[in-house]
Amino acid sequence: MHASYDETYAHTAPTGRPSAPARRRGTRLAVLGALAASGVLVLAGPAAAHVSVAPQGAAAKGGYATVNFKVPNERDDASTVKLEVNLPTDHPLASVQPQPVPGWTVKVTQAKLDKPIEMHGEKVTEAPSKITWTAEGKGVEPGQFQQFPLSLGPLPEDADQLVFKALQTYSNKEVVRWIEEPKSDGSEPDDPAPVLALSAAADDAHGAAGGTASSGTDAKDKSDGAHDKTATASSDSDSGSSDTTARVLAVVGIVVGAAGVAFGVLAGRRRTATTD
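Draft legend 1. Inspection of the packing of aromatic side chains at higher detail. Summed over the entire model, instances satisfying the criterion amount to four aromatic pairs. Ring geometry for phenylalanine 69 versus phenylalanine 164: centroids 5.4 Å apart, planes at 85°, classification edge-to-face. With phenylalanine 69 in strand 2 (residues 65-72) and phenylalanine 164 in the loop between strand 8 (161-163) and strand 9 (165-170), this pair connects stretches of sequence that are 95 residues apart. A relative accessible area of 0% places phenylalanine 69 in the buried class.

Draft legend 2. Quick look at the sheet that holds strand 6 (residues 122-135). Here five strands make up an open sheet; going across it, the order is 5-6-3-9-10 and the pairing antiparallel. On the outer flanks of this sheet lie strand 5 (104-119) and strand 10 (175-178), each paired with one strand and no other. Averaged over neighbouring strand pairs, the angle between their axes works out to 15° when direction is ignored. In this structure, strand 3 (residues 80-86) lies alongside strand 6, joined through five bridges in antiparallel fashion. Paired with asparagine 86 across the bridge in strand 6 is lysine 130.

Definitions and limits used
- Residue indices follow the written sequence of each chain, beginning from 1 at its first position.
- The model is predicted, so local features are restricted to residues of pLDDT at least 70 and side-chain atom pairs to those at 80 or more, both for listing and for counting; the totals for chains, interfaces and linings are taken over all residues.
- To get the side-chain values, take all heavy atoms of the structure and skip hydrogens and water.
- Classification of ring pairs rests on two measures: the distance between centres of Phe, Tyr or Trp rings, Trp counted by its six-membered ring, which must be within 6.5 Å, and the angle between planes, read as stacked under 30 degrees, edge-to-face over 60 and tilted in between.
- Put simply, DSSP marks the helices as runs of H or I at least four residues long and the strands as runs of E at least two long, and each gets a number from the N terminus on.
- Any residue under 20% of the maximum accessible area for its type is buried, any over 50% is exposed, and the rest in between are partly exposed; the area is computed with a 1.4 Å probe on protein chains only.
- One bridge is not enough; two strands pair if DSSP finds at least two bridges between them.
- Orientation is described by axes fitted as lines to C-alpha atoms, over the contacting stretch for helices, and by angles from 0 to 180 degrees between their N-to-C directions.

This is the structure:
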């Protein structure tokens, strides 16, 4: 026995929309999803909020690298107006060049080295010890971040990382000191200093560049040769195509001519038969 119409559609709204229980379940799922997403954001926020440093490409031991200091604003009522980055003294960097950042002035502070280092066969007695960026305007406003690029080197060959202690100053005069070094157990301190991980030493940059240039020349020669071969093949293909077309037209002409002759012979026979 079939169920009545009312029994069949008892749980469906008259307008075709989901019933009230279904709508309530959908609302609960949406609320739970939003809470879960917000929880992820809350947990991920503090871990990514401190001043950090990352290389553009590789930071190989013994070589040079371009790095970015990323400075997020952690305050809702103040802007970041100054960043001071202290360069490592246990592994001094003889060459440090900041990239201009619009809206910011930069100052490189030099210091005498306790122990001179060699660079390109010469002894270096002074090296950069601190880089200071100062905002000319509003600085890094709430909800924003800024990157400060540096070219530095040569990187030490006897270290796996470099620690850069940094001070972040806000427009309300608050100073956050990102100066705590990594812990031995691998856990992150409350105010971690930016840490640059160094990769294995790379081949000589000049040799690599020369190899690249040579490879580029060889590749160009190969490309030109391939182009010539392609052009020749294309020309041969065009010639072959023309010859084939001519042959086809000749065969068609012969066939059409033969058909015409045959038609004429048959027509003549029909006329002779009719006359008889």
